[in-house]
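Notes for the structure review
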Amino acid sequence: MHAKVRDYDDITSFLGDFGRFQTAIWALMAVSAIPPGFMALSMVFLAYVPEHHCKPSMNFTGNATDSEVSFHEQSSWVGPDMCSRYKVIGDSSETAGLGNETEECVDGWVFSTERYSATIVSEWNLVCENAWKVPFSISTYYIGVLIGSFISGQLSDRFGRKPVFFWAMAIMTISALIQAASVSWVMFCVINCVRGVAQISNYITSLVLASEILSQSARVTFSMLGHSLFFAIGYACLPLFAYLIQGWRMLLVVSAIPGLLYIPVWWVIPESPRWLLQRGRVADAERVIRNAAKKNRVPTPEVIFTPDECLELMQQTYNVLDLVRTTNMRNITILNVFLWAAITMVFYGLSLNTSNMRGNAYLNSFFSAAIDIVASVAVWLITLLIIKLVPEDMPVMSQVFALLGKLGVSGAYSSIYLIATELFPTVVRNMGLGVASTAARVGSIISPYVVYLGVYSKILPYIVFGAISLIAAAVSFLLPDTTNSKLPDHISQVKPIRGYVTYVIQNVPNPKVT
């Protein structure tokens, strides 16, 4: 009979909770969340739809040239709406006038530069019959995030947390630079998808890597006040730089700079000792722990880990099917899939909708990011459905309730990462987070289209998001409590869910274990 694997937290308790080593890892991995935070919602400004109207006919200039007439004045006489213009009557520019009949914008559009000098909308005329390309452009990013969520977990479980983290950072940086040089809308969308793959791979892997290195108390503060907080700080930097730059190409270049500065960190961040043990690399795991002890200036045992202590982990190879193979594991996976999809849909939906809110787009986006910062230490608040009671002629109240709703879902968004990290065991943790995050991207892909419902009714997106939030809140009560819990290493250590629904889910037949 093989010796039982000792608890990792107990074995490494001599390191302490917050020594120099843990502090350095905490800070460096928290800061690494700034570039993903900056990039995650950059499409709010990259794909902003400026005010626009048809270009006047070449045969008619009116009473003044374009440079002499303000954008809004010109809009009033060019056509009845943004997608049509009045036909010109007359044979020459001297006798020409405007009739009552309209025609399409055959000569293109004029875009307002009051807020942005250029966006992808003004670059490639993504308006009127091409307006569908705007939400599609946003969705391509989240399609990439969906793909990255699925593959990053498997790559990280196979090749290690550290290589995937840094390779994703590199691809995220390079793709942003290439995207800034896009020569067509199709090229922009393709690179946007690649950027999404790298962004989520970097973000999830950084959370797993830090959580597996840090002690229990440091892990909690990292997830809530480190990882989520610095993601929100990155998001808060976005409207500031968008305001200063006001051009989509240079904004992408700026988003790539932090990734370049992070290259030297490769020689500071170690591989996860938990992952090394799971792969049977006991000597490498001990080397990481001894280096940590040296930095913390604490003595180390002569032998930290023995080969027998990770023998059970070395005997089996795990795959995606292990996420549903046992009852407890299956229940945790199903609940996480639903909750991640619901929370992410509402989080990104409310964030993307800041450009459609009345008032200054930069301030709206900054307030949204500030709410995320507050929500990193806040509790779950459900206020979205109140928006239905606010009249459309009271935009200030509508904006306040929308931001309160953002506060609640931001708290849930930051909490779900911590909870999932503590629910999935080491042997499938990155894989489990990847599957849950894959489901979340379905929600983020749908969110731009829910936001688009605001064209028909301003309150409709909030009603949808509010209803989904209430359902997710109810379902979340089924998750087991992870307070003061150690990270599970084996599938057998996964906790059962709470509530009477457990019986229903447990009656689903288990896949036969071979």
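Residues numbered from 1 in each chain as written. Predicted model: local features only at pLDDT ≥ 70, side-chain atom pairs only at ≥ 80, totals over all residues. Heavy atoms only, no water.

The name given to the chain in an unreviewed UniProt entry is Major facilitator superfamily (MFS) profile domain-containing protein, and the organism recorded there is Myripristis murdjan. Turning to the chain, the UniProt annotation filed under Subcellular location (unreviewed entry) states: "Membrane". (UniProt positions renumbered as here; feature names shortened; annotations may be inferred.)

Attention now moves to the side chain of serine 149. Tracing the backbone shows serine 149 in helix H7 (residues 133–159). Beyond its immediate chain neighbours, meaning those up to four positions away, serine 149 contacts Ile200, Ile204, Gly434, Val435, Ser437, Thr438 and Arg441. (Helix = DSSP H or I, 4+ residues; strand = E, 2+ residues; numbered from the N terminus. Contact = heavy atoms within 4.5 Å.)

The next thing to look at is unusual backbone geometry. Of note in this structure, asparagine 125 is not a glycine but carries a positive phi near 55 degrees. With respect to the secondary-structure elements, asparagine 125 resides in the loop between helix H6 (120–124) and H7. We note that cysteine 128 has phi near 55 degrees; this positive angle belongs to a residue other than glycine. Mapped onto the fold, cysteine 128 is located in the loop between H6 and H7.

With that out of the way, let us pick up the confidence of the model for the chain. For the chain, per-residue confidence averages 75 on the pLDDT scale, and residues scoring 70 or more make up 73% of the total. Summarising per-element confidence for the chain, the mean pLDDT is lowest in helix H20 (residues 501–506) (46) and highest in helix H8 (residues 161–180) (93). Contacts from residues 1–5, a stretch scored under 50 in pLDDT, to residues over four places away or in other chains number seven contacts. Across residues 384–390 the pLDDT falls below 50, and counting only partners more than four positions away or on other chains, this stretch makes 23 contacts in the model. (pLDDT = per-residue confidence, 0-100.)

Turning our attention to the pattern of salt bridges. The full count for this structure, using the stated rule, is seven salt bridges. For arginine 290, the salt bridge goes to glutamate 286, with nearest N and O atoms at 3.7 Å. With arginine 290 and glutamate 286 both in helix H13 (residues 282–296) and four residues apart, this pair spans about one turn of that helix. Under the relative-accessibility criterion, arginine 290 is labelled partly exposed at 28%. Looking at glutamate 286, the relative accessible area reads 13%, which means it is buried. It is possible to trace a salt-bridge network through shared partners that takes in Asp157, Arg161 and Glu212. (Salt bridge = Lys/Arg side-chain N within 4 Å of Asp/Glu carboxyl O. Buried < 20%, exposed > 50% of the residue type's maximum accessible area, 1.4 Å probe, protein only.)

With that out of the way, let us pick up a nonpolar patch on the surface. A contiguous nonpolar surface patch, about 480 Å² in accessible area, is contributed by Ile143, Ile147, Phe150, Ile151, Leu155 and Phe159. Among the secondary structure elements, isoleucine 143 is positioned in helix H7. Isoleucine 143 sits in the partly exposed class, given a relative accessible area of 32%. (Patch = residues over 30% accessible without salt bridge, like charges linked within 9 Å, V, L, I, M, F, W, Y side chains within 5 Å. Areas by Shrake-Rupley, 256 points an atom, 1.4 Å probe, with all protein chains shown as cover.)

Bringing the packing of H8 against helix H11 (residues 248–261) into the picture now. Where H8 meets H11, the axes come as close as 8 Å, and the angle between the chain directions of the two elements is 160 degrees. Between H8 and H11, the angle falls in the class roughly antiparallel. In terms of crossing hand, the pair formed by H8 and H11 is left-handed. Residues Met169, Thr173, Ala176, Leu177, Gln179 and Ala180 of H8 form the contact with H11, whose own contacting residues are Trp248, Arg249, Leu252, Val253, Ser255, Ala256, Gly259 and Leu260. Split into classes, the residues belonging to the contact of H8 with H11 amount to nine nonpolar, four polar and one charged. (Axes fitted to C-alpha atoms, helices over the stretch in contact; angles between N-to-C directions. Parallel < 35°, antiparallel > 145°, perpendicular 65-115°, else oblique. Left-handed = near helix turned anticlockwise from the far one by under 90°. Nonpolar A, V, L, I, M, F, W, Y, C, P; charged D, E, K, R; others polar.)

Let us now look at the environment of threonine 12. Counting through the fold element by element, threonine 12 comes out in the loop between helix H1 (8–11) and helix H2 (20–31). Among the residues examined, threonine 12 registers a relative accessible area of 10% and is labelled buried. Taking the C-alpha atoms as reference points, threonine 12 and serine 215, separated by 203 residues in sequence, lie 8.5 Å from one another.

Turning to the state of the cysteines, a few remarks are in order. Counted by the stated rule, this structure contains zero disulfides. The thiol sulfur of cysteine 189 is not disulfide-bonded, and the nearest other cysteine sulfur, from cysteine 193, lies at 9.5 Å. (Disulfide = S-S within 2.5 Å.)

With that settled, consider the packing of aromatic side chains. Applying the stated rule across the entire model yields 15 aromatic pairs. Measuring from centroid to centroid gives 4.5 Å for tyrosine 48 and tyrosine 116, while their planes differ by 50 degrees, and the two rings are tilted. Of this pair, tyrosine 48 sits in the loop between helix H4 (43–46) and strand E1 (52–54) while tyrosine 116 sits in the loop between strand E4 (109–111) and H6, and the two are 68 residues apart along the sequence. You'll find tyrosine 48 and tyrosine 116 in the same group, each marked buried. Taken together, the ring pairs connect Phe165, Phe166, Tyr262 and Trp266 into an aromatic cluster. One cation-aromatic arrangement involves lysine 133 over tryptophan 185; the distance from NZ or CZ to the ring centre is 4.8 Å. Lying over the aromatic face of tryptophan 266, lysine 162 brings its terminal NZ or CZ to 4.3 Å of the ring centre. (Phe/Tyr/Trp six-rings, centres within 6.5 Å; stacked < 30°, edge-to-face > 60°. Lys NZ or Arg CZ within 6 Å of the ring centre and 35° of its normal.)

Put simply, H7 and helix H9 (residues 185–213) touch, their axes get as near as 6 Å, and they point 40 degrees apart. Of the possible angle classes, the one that applies to H7 and H9 is oblique. Of the two possible hands of crossing, H7 and H9 adopt the one that is right-handed. Looking at the contact of H7 with H9, its residues break down into 12 nonpolar, 12 polar and two charged.

Note on placement: serine 42 falls in the loop between helix H3 (34–40) and H4. Among the residues examined, serine 42 registers a relative accessible area of 3% and is labelled buried. If sequence neighbours within four positions are ignored, serine 42 has contacts with Arg195 and Leu238.

A separate point is H13. Helix length check: H13, at 15 residues, gives a terminal C-alpha distance of 21 Å against a target of 21 Å (1.5 Å per residue), a fit within 8%. Within H13 the residues assigned to the buried category are Val282, Ala285, Glu286, Val288, Ile289, Ala292, Ala293 and Asn296. Buried residues of H13, viewed axially, fall in a sector of 160 degrees; they line one side. Of the residues in H13, the exposed ones pointing more than 90 degrees away from the buried face are Ala283 and Lys294. Along its buried surface, H13 packs onto H1, H2 and helix H12 (273–278). (Expected span 1.5 Å × (residues − 1). Arc of directions from axis to C-beta.)

Moving on, we come to the environment of histidine 52. By the element assignment, histidine 52 lies in strand E1. With 60 residues separating them in the primary sequence, histidine 52 and serine 112 have C-alpha atoms 6.0 Å apart.

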